[in-house]
Amino acid sequence: MEKANESSLIGFVLLGFSDHPRLEAVLFVFVLLFYLLTLVGNITIIIISYLDPPLHIPMYFFLRNLSLLDICFTTSLAPQTLVNLQGPEKTITYGGCVVQLYISLALGSTECILLVVMALDRYVAVCKPLHYVVIMNPRLCQQLAFISWLSGLANSLIHATFTLQLPFCGNHRLDHFICEVPALLKLACVDTTINELVLFVVSILFLLIPPALILISYGFITQAVLRLKSVEARHKAFSTCSSHLTVVIIFYGTIIYMYLQPSNSYAKDQGKFISLFYTMVTPTLNPIIYTLRNKDVKDALKKLLTGKLCSLQT
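Since the model is a prediction, treat every value here as computed from it, not as a measurement.

Draft legend 1. Region of interest: the overall build of the protein. Helix and strand content of the protein: 12 helices and 3 strands. Its C-alpha atoms give the protein a radius of gyration of 21 Å, near enough to 20 Å, the size a compact globule of 314 residues would have. C-alpha atoms of the protein, sized along the principal axes, occupy 70 × 50 × 35 Å. Per-residue burial for the protein yields a buried fraction of 46% across its 314 residues. Here the protein contributes 21 positively and 17 negatively charged side chains, and the mean placements of these two sets differ by 14 Å.

Draft legend 2. Main features of the UniProt feature "transmembrane region" (unreviewed entry) in the protein. The sites that UniProt annotates as "transmembrane region" (unreviewed entry) are residues 25-48, 60-79, 99-120, 140-158, 197-221, 242-260 and 272-292. The distance separating the terminal C-alpha atoms of residues 99-120 is 32 Å; by composition the span is 100% helix and 0% strand.

Draft legend 3. Just the side chain of Glu 180, in detail. Relative to the helices and strands, Glu 180 is located in the loop between β3 (173-174) and α8 (181-187). Lacking a salt bridge, the buried Glu 180 has Lys 186 as its closest oppositely charged neighbour, with an N-O distance of 9.1 Å. Once residues within four sequence positions are removed from consideration, Glu 180 is found in contact with Leu 101, Met 258, Tyr 259, Ser 275 and Tyr 278.

Draft legend 4. Region of the structure containing the packing of aromatic side chains. In this structure the tally under the stated criterion is 8 aromatic pairs. Look at Phe 17 and Phe 273: their rings are 5.1 Å apart centre to centre, the planes differ by 50°, and that puts the pair in the tilted class. Highlighted residues: Phe 17 in the loop between β1 (12-14) and α2 (21-51) and Phe 273 in helix α11 (residues 270-292), separated in sequence by 256 residues. The exposure class of Phe 17 is buried, given its relative accessible area of 2%. If you follow Lys 272 out to its NZ or CZ, it ends over the ring of Phe 17, 6.0 Å from the centre.

Draft legend 5. Inspection of the state of the cysteines at higher detail. Evaluated as defined, the whole model comprises 1 disulfide. The disulfide that involves Cys 97 links it to Cys 179, with 2.0 Å between the sulfurs. Taking the sign of the torsion about the S-S bond as the criterion, the disulfide between Cys 97 and Cys 179, at about -130°, is left-handed. Pair noted here: Cys 97 is in helix α5 (residues 94-127) and Cys 179 is in the loop between β3 and α8, with a separation of 82 residues, a long-range link. Summarising the burial analysis for this pair, Cys 97 and Cys 179 share the class buried. Not engaged in a disulfide, the cysteine Cys 72 finds its nearest cysteine sulfur in Cys 112; these two sulfurs lie 16 Å apart. When its relative accessible area of 32% is taken as the criterion, Cys 72 is described as partly exposed.

Parameters and conventions
- Residues numbered from 1 in each chain as written.
- Predicted model: local features only at pLDDT ≥ 70, side-chain atom pairs only at ≥ 80, totals over all residues.
- Heavy atoms only, no water.
- Helix = DSSP H or I, 4+ residues; strand = E, 2+ residues; numbered from the N terminus.
- Rg over C-alpha atoms; globule rule 2.2 N^0.38 Å.
- Buried < 20%, exposed > 50% of the residue type's maximum accessible area, 1.4 Å probe, protein only.
- Lys, Arg positive; Asp, Glu negative; His and termini not counted.
- Charge placed at Lys NZ, Arg CZ, Asp CG, Glu CD.
- UniProt positions renumbered as here; feature names shortened; annotations may be inferred.
- Salt bridge = Lys/Arg side-chain N within 4 Å of Asp/Glu carboxyl O.
- Contact = heavy atoms within 4.5 Å.
- Phe/Tyr/Trp six-rings, centres within 6.5 Å; stacked < 30°, edge-to-face > 60°.
- Lys NZ or Arg CZ within 6 Å of the ring centre and 35° of its normal.
- Disulfide = S-S within 2.5 Å.

Pasting the structure below:
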């Protein structure tokens, strides 16, 4: 029993990219840069969508939720990663690992469901434009956002708790830069078949069904857009929806590649780089995609900056 509980006493050693010390310096700058961009970009989205009255519509309500998710998700991982990349100490306490696992898993799962909700919003906006205000009323939007957050929390409580029940028998060298379920399963000193089955079922529920529903909704959206007579209306609809679809492809593509393939099918460090992409890069891309490809957001940002400049001049 003493050996089995050793990991909970001394924590874990996050091996990360310690095999490539020169690469660590580059990755430190990389993670720091993208973390700062994530904070600036997503905080900007939250501020302008809250302050600009024309953006007080369901689409931007869900976008604020997505930005808040990305800020919290990256913050739960980036500071510890920066500490480990900078110095020789690459440890994390058992409690720190538990907190990181619960929070990151909850937020990542929430985003999986929230992207489906955003696709539903786009479907109603394009396919049911006359009933959009009635259907996507504030109460329903709040309920859908609450369901997204609650489902992510429920998945985290169940899945992370199930993983942390495994005995590690003193194994505390985690071959990753974050506490992630697949990496923790490799440390277990017992048969993890049931846990891997749970991981597979959870992956289907959160990584396969949601993008399938999104693609179906966009099939109907495409049909509706093509029936529009106005070229300008078609362009605006495609521009708005393509932004969301780009986020969906990037987000689900990297995570599906990470979780839904055999662990021995890619090189040792490949999984770490994939995790680095969807934990650090994807949250940065979301505000860039939504601002550069969305005229309403760009106009709101210009008005906000112009207003600040005018107030400073007066």
